[in-house]
Amino acid sequence: MSYDRVGLRAVMRSVSFLTAGALVVPFLAGCDSDEKVAGPLAGQDIAPVARDLVADGGTVKWAVDAVPPTLNTFQADADAGTSRVAQAVLPSMFRLDASGRPVPDPAYLESAKVIETEPRQVVLYKLNQQAVWSDGREIGAADFLAQWRALSGRNSAYWTARNAGYDRIEKIERGATDLEVRVTFSRPYADWKSLFSPLYPKDVMGTPGAFNDGARRKLQVTAGPFTVDKVDTAQQNVVLTRNPRWWGRPAKLNEIVLHAVPRDKRAAALADGSVDLADVDPGDAQRIGLAAHGIANPLQGSGKTSVKKLRAWARAHDFGPDDVKAGRTKLRKAISEYLDEQQALSGVEVRRSLEPAYTQLALNGSAGPLADERVRRAVARALDRRELAKLVLTPLGLPAVPVGSHLALSGQAAYADDSGAIGAQDTKEAQALLADAGWVPGGPIKEQKKGEKAAGPESEKKHKKDKGAKEDKSDGGRDGEYIVGGDSEGDDGGDKSGDNKNGGRGDGGDRRLAQEGRHGGAQGAYAPQGTAAPAAAAQPLAKDGKPLLLRFVLPSGAGSQTLNAVAERISAMLGRVGIRTTISKVPDASYFKDHIASGDYDLALYSWPSSAFPATDDRPVYAKPVPAADGSLNIEQNYTRIGTDQVDQLFDEAAATLDEDEEVSLIRKADSRIWASAGSIPLYQRPQLVAVRQNLVNAGAFGFRTPVYEDMGFLKKGAKVPQPSPSPSG
């Protein structure tokens, strides 16, 4: 989701989805794994320069959403900040390249390969002979052994969030020398490259106490270009300093300070110098772009500018409502402060790429109309995904290409556009599917009693009963509810929300993971300006006396304007086939926990990160929900609650093969079936907008690639960033 750090999935049915018609078997075969794999849609934008052009020394202040609650990436509350620290201070046997594919890290590995497959899979790691922990001890088999034991799932005293892959290991032992580690698996494991990245020292993994508590606020032993100096919760900083025992190319920077800054405060932090590097929303990106060119000053000139003109200027520059309505003195002060910040921002630029994550429309298939596969497929056929991608990405200068896979992104080995399994936008086909499901225009509608729902999920009654007043408060949020697609609302349904639609973080995250985000955030639609398109709504549909009305749950907090604009555009598209939607805005804090995870929604927007290891990471996202011992439903991370045994089997087969081509083929087959079930509809790859001090190089929008922390730094005086050569044509 993004919510920045999750990464798992799986779903489907095998025969029943064929009954909805229009699905041809060849699509379900997936694409041939021998086909040419396209590259990433957008490359890195990090102002790359050779190390000899980077000055030695200096401190980079890097904005994060919050001080990481733990420095142990294998704990449940680990977040994007946790991962950033781990990348800078800990070994990883494999890192991701610019195409999102795992490659060995030569700082730690000379080689790693499968040396035996029968009777057991055996992987031999040959370690870099210079690789040592910061206490001087060699990195070796003892560290691998301790991490396996902690994460295997066999000892419940370790409070681990996941054990995928480690639970398949049978034993770990020293090889022919201290620099060799032999890992023997009890059953074949395709994604073995995902393991031991990061690798913690045995001091952290050796006992449950050290694992559970010892690495939450400190890491005394590290092995990267940087080490953890301190975690300062009072100042909201994590300070990383050069590791004097680092054997690789020495870090250019003296320090990296991860500083917690809310997203709506980042432009000001960049202006006052408290931050040098920060992910920003489209509104701030636009503002930074304007700063480079200068803007007219309404406070200059002879005579006094009228309050009316000052307010118009403030509205045009996205001032808050309180500032716009203020009197002349307060308004002039706010404008003056804004102009001072703009002057300071002239030394900042926005570097942009696409995040290794995508935004999706989720359809809750647990009950109500969306439990019928034909209705879900009708929703999918009503959507113009290219139009939605253009809404979000074109104004940012990024390629507006809809995502064609649930399990990979363009550039990754498993990527193929499998959306043909559901079909392209087709209004007539969507209407035919709805008619086949019994939803007809102008049918008799029973008068709804007060508080009675139309059609929607009803399977979470216990949850709603328990949540009671809390749900009543959060359902409408401060923005309330309004219906889109009804024949009485005309084209101004979006205006009823009261939102200012100028500007936009929609999936973080869980993002925490949902990935690179927070669980409570609204990450996903980083679109800039956008409003609902005028739509000629079809006559509303009804069945058994109830109208076809879907509840579209959205966050209402700061930075959600873009996400809301995307939702309104989707609602307009659904209205054209007779599906009405109720837009329900809820507080950010309750959006994920109280609505998405609990199943209290019909439609929702959130993001998932893309994984280099989809057979492992994506299975829980699409796994078939199964009843738990207490009678509840175990959905893992499958928040749409749609899954099948067939897709589970394809994931299991993909995870168990050691033939890379076969694994790719199985992943693509699984994706085709996930598309056909229409539980979630990938829309677009999320934009990555990073504001950076202009003289900071080898840093910015990293795209897929793991950052190279030792190369980041400030450009030497007189040096220039080489301009990229033009791409060859055709």
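Residues numbered from 1 in each chain as written. Predicted model: local features only at pLDDT ≥ 70, side-chain atom pairs only at ≥ 80, totals over all residues. Heavy atoms only, no water.

Colleague: Explanation requested: the sheet that holds strand S6 (residues 169-174) in the structure shown.
Modeller: The strands making up a sheet associate through backbone hydrogen bonding, with each pair oriented either parallel or antiparallel. One open sheet accounts for four strands, arranged S4-S5-S7-S6; its pairing is antiparallel. With one partner strand each, in any of the chains shown, strand S4 (109-116) and S6 form the two edges of the open sheet. Taking the axes of each pair of neighbouring strands and ignoring which way they run, one obtains an average angle of 15 degrees across the sheet. Bridge analysis of strand S5 (residues 122-127) against strand S7 (residues 180-185) gives five bridges, and the strand direction is antiparallel. Looking across to S7, one finds that Val-123 is bridged to Val-183. Helix-sheet contacts for helix H3 (residues 141-151) involve S5, S6 and S7, and the interaxial angle to S6 is about 160 degrees. (Pairing = 2+ DSSP bridges. Helix = DSSP H or I, 4+ residues; strand = E, 2+ residues; numbered from the N terminus. Axes fitted to C-alpha atoms, helices over the stretch in contact; angles between N-to-C directions. Contact = heavy atoms within 4.5 Å.)

Colleague: Is there a simple way to think about the packing of helix H19 (residues 645-656) against helix H20 (residues 660-677) in this case?
Modeller: Packed helix pairs are characterised by how far apart their axes lie and by the angle those axes make with each other. The geometry of H19 relative to H20 is characterised by a closest axis approach of 9 Å and an angle of 165 degrees between their N-to-C directions. Between H19 and H20, the angle is such that the two are roughly antiparallel. Crossing handedness for the pair H19 and H20: left-handed. Each of Gln-646, Val-647, Leu-650, Phe-651, Glu-653 and Ala-654 in H19 lies in contact with H20, whose residues at this interface are Glu-663, Leu-666, Ile-667, Lys-669, Ala-670, Arg-673 and Ile-674. Of the residues that constitute the contact of H19 with H20, the class distribution is eight nonpolar, one polar and four charged. (Parallel < 35°, antiparallel > 145°, perpendicular 65-115°, else oblique. Left-handed = near helix turned anticlockwise from the far one by under 90°. Nonpolar A, V, L, I, M, F, W, Y, C, P; charged D, E, K, R; others polar.)

Colleague: Is there a simple way to think about the sheet that holds strand S15 (residues 541-543) in this case?
Modeller: Pairing in this open sheet of three strands is antiparallel, and the strands run S13-S15-S16 from one edge to the other. Lying at the two open borders of the sheet, with one neighbouring strand each, are strand S13 (440-441) and strand S16 (546-547). With two bridges joining them, S13 and S15 adopt antiparallel strand pairing. Following the sheet pairing, Val-440 is matched in S15 by Ala-542.

Colleague: Please clarify how the pairing of S7 should be interpreted in this entry.
Modeller: Burial analysis of S7 places five of its six residues in the buried class, which makes it a mostly covered element. With five bridges connecting them, S6 and S7 associate as antiparallel partners. Note on S7: the bridge partner recorded for Lys-171 is Thr-184. Where S6 hands over to S7, the hairpin turn is made up of five residues, counted between the paired strands. (Buried < 20%, exposed > 50% of the residue type's maximum accessible area, 1.4 Å probe, protein only.)

Colleague: How do you make sense of the environment of Val-181 when you look at a structure like this?
Modeller: Secondary-structure assignment places Val-181 in strand S7. In this structure the C-alpha to C-alpha distance between Val-181 and Gly-140, which are 41 residues apart in sequence, comes to 7.1 Å. With residues near it in sequence (within four places) discarded, Val-181 still touches Val-123, Leu-124, Tyr-125, Leu-127, Gly-140, Ala-141, Phe-144, Ile-172, Glu-173 and Gly-175.

Colleague: Please clarify how the nonpolar core should be interpreted in this entry.
Modeller: Residues Met-93, Tyr-125 and Phe-196 are the most contacted members of the largest nonpolar core, which totals 73 residues. Sort the elements by how many residues they give to this core and H3 lands first, with six residues. Residues within four places of Tyr-125 in sequence aside, it is in contact with Met-93, Leu-109, Ser-111, Ala-112, Phe-144, Leu-179, Glu-180, Val-181, Val-183, Trp-192 and Phe-196. One finds Val-280, Leu-396, Leu-398 and Leu-574 within the second-largest nonpolar core, a separate group that totals 64 residues. (Core = buried A, V, L, I, M, F, W, Y, C linked by side-chain atoms within 4.5 Å.)

Colleague: Would you take a moment to explain the confidence of the model for the chain for this structure?
Modeller: In low-pLDDT segments, the atomic positions of the prediction should not be examined closely. Summing up the model confidence of the chain, the mean pLDDT is 84 and the portion of residues at 70 or higher is 80%. Under a pLDDT of 50 for its full length, residues 458-479 has, in the predicted model, 44 contacts with residues more than four places off or in other chains. Below pLDDT 50 for its whole length, residues 487-535 participates in 224 contacts with residues either more than four positions away or in separate chains. (pLDDT = per-residue confidence, 0-100.)

Colleague: It is not clear to me how the pattern of salt bridges should be interpreted in this structure. Could you clarify?
Modeller: Pairing between side chains becomes possible if they bear opposite charge and their charged atoms approach one another. Taken as a whole and judged by the stated rule, the model has 28 salt bridges. Between Asp-65 and Arg-266 there is a salt bridge, and its shortest N-O distance comes to 2.8 Å. Here Asp-65, found in the loop between strand S1 (59-64) and helix H2 (80-89), pairs with Arg-266, found in helix H6 (residues 266-272); they are 201 residues apart in sequence, far enough to count as distant. On the basis of relative accessibility, which here comes to 25%, the residue Asp-65 falls in the partly exposed class. On the basis of relative accessible area, Arg-266 is assigned to the buried category, the value being 2%. A salt bridge links Glu-170 to Arg-120, with the shortest nitrogen-to-oxygen separation between them at 3.2 Å. With Glu-170 in strand S6 and Arg-120 in the loop between S4 and S5, this residue pair connects regions lying 50 residues apart in the sequence. By relative accessible area, which is 36% here, Arg-120 ends up partly exposed. Through salt bridges with shared partners, a single network forms among Asp-65, Arg-263, Arg-266 and Asp-281. (Salt bridge = Lys/Arg side-chain N within 4 Å of Asp/Glu carboxyl O.)

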